[in-house]
Amino acid sequence: MRFISPFRYGLLSLFAALGMVAIVSAPPDTASGLLVGRMLELHLVLELFAIVIAALVVTVSWHTFDRQQDSSANALLAGFVVVIGCDLMHALTYEGMPPLFTESSTPQAIFFWLMGRSFEVLTLGAVTAGLVLRWSRTALLGVGLTVAVATIAFGSFALDLFPVTFVPGEGVTPFKAGYEYVLVALNGLLALALWRRAIREQSRQHALLALSCLFMGVGGFAFANYVAPSDFQNVVGHLYKVAAYALLYRATFITSIRAPFEALRLSEARVRESQTRMHMLGANLPHSVLYQLVMEADGRRRFTEVSDSVERVCGVTVAEVLANPLAMYGKIHKDDLAALTATEQRCVEALQVFDFEARFCRPDGSVRRVHLVSAPRALDGGAIVWDGLLTDVTDRTEAQEARRRLEQQLGEAQKMESIGTLASGIAHDFNNVLAAILGNARMAKEDLEDGNQTEVSLCLDQIIKASDRARNLVDRILSFSRRDAVRSVVQPLLPVVRESLSLLRSTLPAGVQLLECTDDPEASAEIDRTQMEQVLLNLCTNAWHALGDKGGRIEVRLGTVELDAAASIPLGLLPGRHVRLSVQDDGMGMDEQVRQRIFEPFFTTKPVGKGTGLGLSVVHAIVRSHDGAIGVHSEPGQGTRFDVFIPASFSATVSAPASRPGPQPDSERSCGERVLLIEDDLLMSSMLKKLLARHGYGVSHHSDTELAMAAVRADPQAFDVLVTDYNMPHHSGLEMITAIRRIRPGLPTILISGYVSDELRASAAAHGVRHVLEKTRSLDELVKLLADTLHPAGAKVAEA
């Protein structure tokens, strides 16, 4: 089989020669319209393409597998490292390029061009002559790099020692033109010599090398007589260089890449090396164990492969595991073993990946959490092979838990920061309430002395209204600041918005106008109320601060919107109906740099001491936990708008409870039952005694828990019901209930507290306490709860 036909070779040579004749004959300003303004970029692209091909030549030469080609590969390796350096500097020092070591110039670029072509000729001359370079490839690479560095240093700092090659306005000098013609001649001689050797040895490699030298030689005519670097001949001549390099790479690739034959010769050594690597890989895994487990058809297990890391990770030896699978299975925590077995059985039946976390009891007594993942393979006979990885994830699990606790603490810290922000407004509201209560109380006293009963009644009505307002304010603060677990339920957002804005209105200064706009009053979503209140308070507080001292306008808008794919995907949402809660201000706005970072924890543009930088990061975390997204629209001087999107839900229709007749005065009156009241606050206890006595109850009050216990011990049957405060000196209310019930089992109890949390309700229920009552509601509800507690059957009739 011939390497290449003489006809094809001659035809390609003729095309190359005729093409160069046409190029040299063309006027220098040919295609100037296309080249003006693009010469630098075009030149850089052509040179980079040539550099890439030269790099491929070096790479192929480095990795050659054919020992017979080592001499030519070594020559190409050393020579073309220098060629790459020269071509790269030629591209980077071309006139118009930014300064590198010195100012870029045409003479400097020409110097590196000539050196690159010179080393290319020398390299191919060594290949043609069959010069044997017996140095190692590393040494040859070092020699090439050294020569390249020396050449670059000379061209950058000692160019004045080199003959002049270019004169602006006149073109290339006779020296440069003569140098190019010498290179043309040498390339022609090399092409002829390589062609003769190709015919003699029937070598396609040498034929392609000959063609490469021919293209490089013919292309040299384009660089011998141009006036300006942007001349048509100079630009098109680079194409010949690229073609020559491509042919050179093709020749090198064909003869040097003999991987299949070398791989066959070295297969045995590589198998041994692979086994060694796998052994070392398994042994060096710091927290993991590679294993292979065979499960027979009858359910018996046996380990066939276990990495040496098992001793470090699990505390058992490889020999122990291979001898007895219980060395591993027997160490699984007893509370996890049943779940592991069930999961394993499901994976066996479905032949799917086994993925499980369990606690592992090491022989040293420590308990670690491990993650097991393995893939099954079915064998003939019904056996299954599991190729798996066991990883100790204890540290990762603990770190994740620590991060979760830290995030919770940061959220609580930011919530307290919000409470601090609202403090002045809360104090203002409380002062108004106290002023109304104190003022009306004094006026009622004066009216009572004057015998004006009508005015007394009016004053007392005002006191009741002011007290209700104070109670509602406390409820809102406690609701916002409580640390309850997240409880998401489908509910309308309008009450959440109005509750939050009622807190804000008393805080914002007079110059800030807070507007509520509702596009969809029925907008509902599955949310945690407290967290969404925090989102709204944080966004509104942020808007308030953005307004600065001049004040301005904050608009809170609630509605629903249908997001299509184009709108939802950039936000990370699924298309569909979403609730949109927007907070917009007309403050200073933000630039793009600030906008990109506003959700980073601790990032703030406020002065030191004016903010923690947690507010918006907490907002972002809460919104994401609700499967939502938050968008920001802001421009400097144009204000800011935050859009919170939460997947919409249809609000559950709750039918209004059937009206029932209000309790008749006689239904709440006592039949003389005796109440043991434990309350240490004198004002509260005085009010409760008066209230209960008015409804016919006999009251025994104790502010000291020990005295109350003594009274029960003296006569366990003296009381029909126990009413106790939760926060008592020395003993809590629940402790008192437990102690008294030891003396008087089954005694009905009611627990009252100034702050009733979910934890308190749960704890009270665990102690058998039926009712937990907030003190602020004791006047309204205590008598009714006593009736329900003492007469449960009557309560059921009343509720029927």
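My aim in this report is to walk through the structure given alongside it, one point at a time. (Residues numbered from 1 in each chain as written. Predicted model: local features only at pLDDT ≥ 70, side-chain atom pairs only at ≥ 80, totals over all residues. Heavy atoms only, no water.)

1. Let's talk about the overall build of the protein
Then, in step 1: Tallying secondary structure elements over the protein gives 29 helices and 19 strands in all.
Then, in step 2: Within the protein, the proportion of its 800 residues that are buried is 45%.
Then, in step 3: For the protein, the proportion of contacts with a sequence separation of at least 24, taken over those separated by at least 6, is 69%.
Then, in step 4: Total accessible area on the protein is roughly 41500 Å²; 59% of this is exposed by carbon and sulfur atoms. (Helix = DSSP H or I, 4+ residues; strand = E, 2+ residues; numbered from the N terminus. Buried < 20%, exposed > 50% of the residue type's maximum accessible area, 1.4 Å probe, protein only. Contact = heavy atoms within 4.5 Å. Areas by Shrake-Rupley, 256 points an atom, 1.4 Å probe, with all protein chains shown as cover.)

2. Points about a nonpolar patch on the surface
Then, in step 1: Taken together, the side chains of Phe-7, Leu-11, Leu-14, Phe-15 and Leu-18 make up a nonpolar region of the molecular surface, amounting to roughly 530 Å² of accessible area.
Then, in step 2: Mapped onto the elements of the fold, Leu-14 is located in helix 1 (residues 6–25). (Patch = residues over 30% accessible without salt bridge, like charges linked within 9 Å, V, L, I, M, F, W, Y side chains within 5 Å. Salt bridge = Lys/Arg side-chain N within 4 Å of Asp/Glu carboxyl O.)

3. Remarks on the packing of helix 5 (residues 106–129) against helix 7 (residues 174–201)
Then, in step 1: With their axes 10 Å apart at the nearest point, helix 5 and helix 7 run at an angle of 20° to one another. Considered as vectors, helix 5 and helix 7 are oriented roughly parallel to each other. Crossing geometry of helix 5 relative to helix 7 is assigned as left-handed. Across from Ile-110, Trp-113, Leu-114, Met-115, Arg-117, Ser-118, Glu-120, Val-121, Leu-124, Gly-125, Val-127 and Thr-128 in helix 5, the residues of helix 7 making contact are Lys-176, Tyr-179, Glu-180, Leu-183, Leu-186, Asn-187, Leu-190, Ala-193, Leu-194 and Arg-197.
Then, in step 2: Each residue belonging to the contact of helix 5 with helix 7 can be placed in one class, and the counts come to 13 nonpolar, four polar and five charged. (Axes fitted to C-alpha atoms, helices over the stretch in contact; angles between N-to-C directions. Parallel < 35°, antiparallel > 145°, perpendicular 65-115°, else oblique. Left-handed = near helix turned anticlockwise from the far one by under 90°. Nonpolar A, V, L, I, M, F, W, Y, C, P; charged D, E, K, R; others polar.)

4. Points about the pattern of salt bridges
Then, in step 1: Counted under the stated rule, the structure contains 22 salt bridges.
Then, in step 2: When the shortest N-O distance is used, the salt bridge between Arg-553 and Glu-555 registers 2.8 Å.
Then, in step 3: Judged by relative accessible area, Arg-553 falls into the partly exposed class, the value being 35%.
Then, in step 4: Where Glu-555 meets Arg-557, a salt bridge forms, and the shortest distance between an N and an O atom there is 3.1 Å.
Then, in step 5: Sharing partners across several salt bridges, the network here consists of Glu-47, Asp-87, Arg-117 and Lys-241.

5. A few points about the side chain of Lys-241
Then, in step 1: Tracing the chain through its elements places Lys-241 in helix 9 (residues 232–256).
Then, in step 2: One polar contact links Lys-241 to Glu-47, side chain to side chain, over a distance of 2.6 Å.
Then, in step 3: If near-sequence neighbours (up to four positions away) are discounted, Lys-241 is found in contact with Glu-47, Ala-50, Asp-87, Trp-113, Arg-117 and Met-216. (Polar contact = N/O pair within 3.5 Å; in protein donor to acceptor, adjacent residues only side chain to side chain.)

6. Let's talk about the pairing of strand 17 (residues 721–725)
The two faces of a sheet get side chains in turn, since along a regular strand they alternate between them.
Then, in step 1: In terms of residue burial, strand 17 counts as a mostly covered element, since five of its five residues are buried.
Then, in step 2: Along strand 17, one buried face is formed by Val-721, Val-723 and Asp-725 and the opposite face, lined by Leu-722 and Thr-724, is buried too.
Then, in step 3: Pairing of strand 15 (residues 674–678) with strand 17, which is carried by four bridges, proceeds in the parallel orientation. Note on strand 17: the bridge partner recorded for Leu-677 is Val-723.
Then, in step 4: In this fold, the crossover linking strand 17 to strand 18 (residues 749–753) by way of helix 26 (residues 733–743) has right-handed handedness. (Pairing = 2+ DSSP bridges. Right-handed = clockwise from strand over helix to strand, strands pointing away.)

7. What to know about the pairing of strand 5 (residues 354–361)
Then, in step 1: Residues Phe-354, Phe-356, Ala-358 and Phe-360 of strand 5 are buried on one face, while the alternating residues Asp-355, Glu-357, Arg-359 and Cys-361, pointing to the opposite face, are not.
Then, in step 2: Across eight bridges, the pairing between strand 5 and strand 6 (residues 367–378) is antiparallel. Considered in strand 6, the bridge of Glu-357 is made with His-371.
Then, in step 3: What sits between the antiparallel neighbours strand 5 and strand 6 is a turn of five residues, in which Gly-365 has the positive phi angle 95°.

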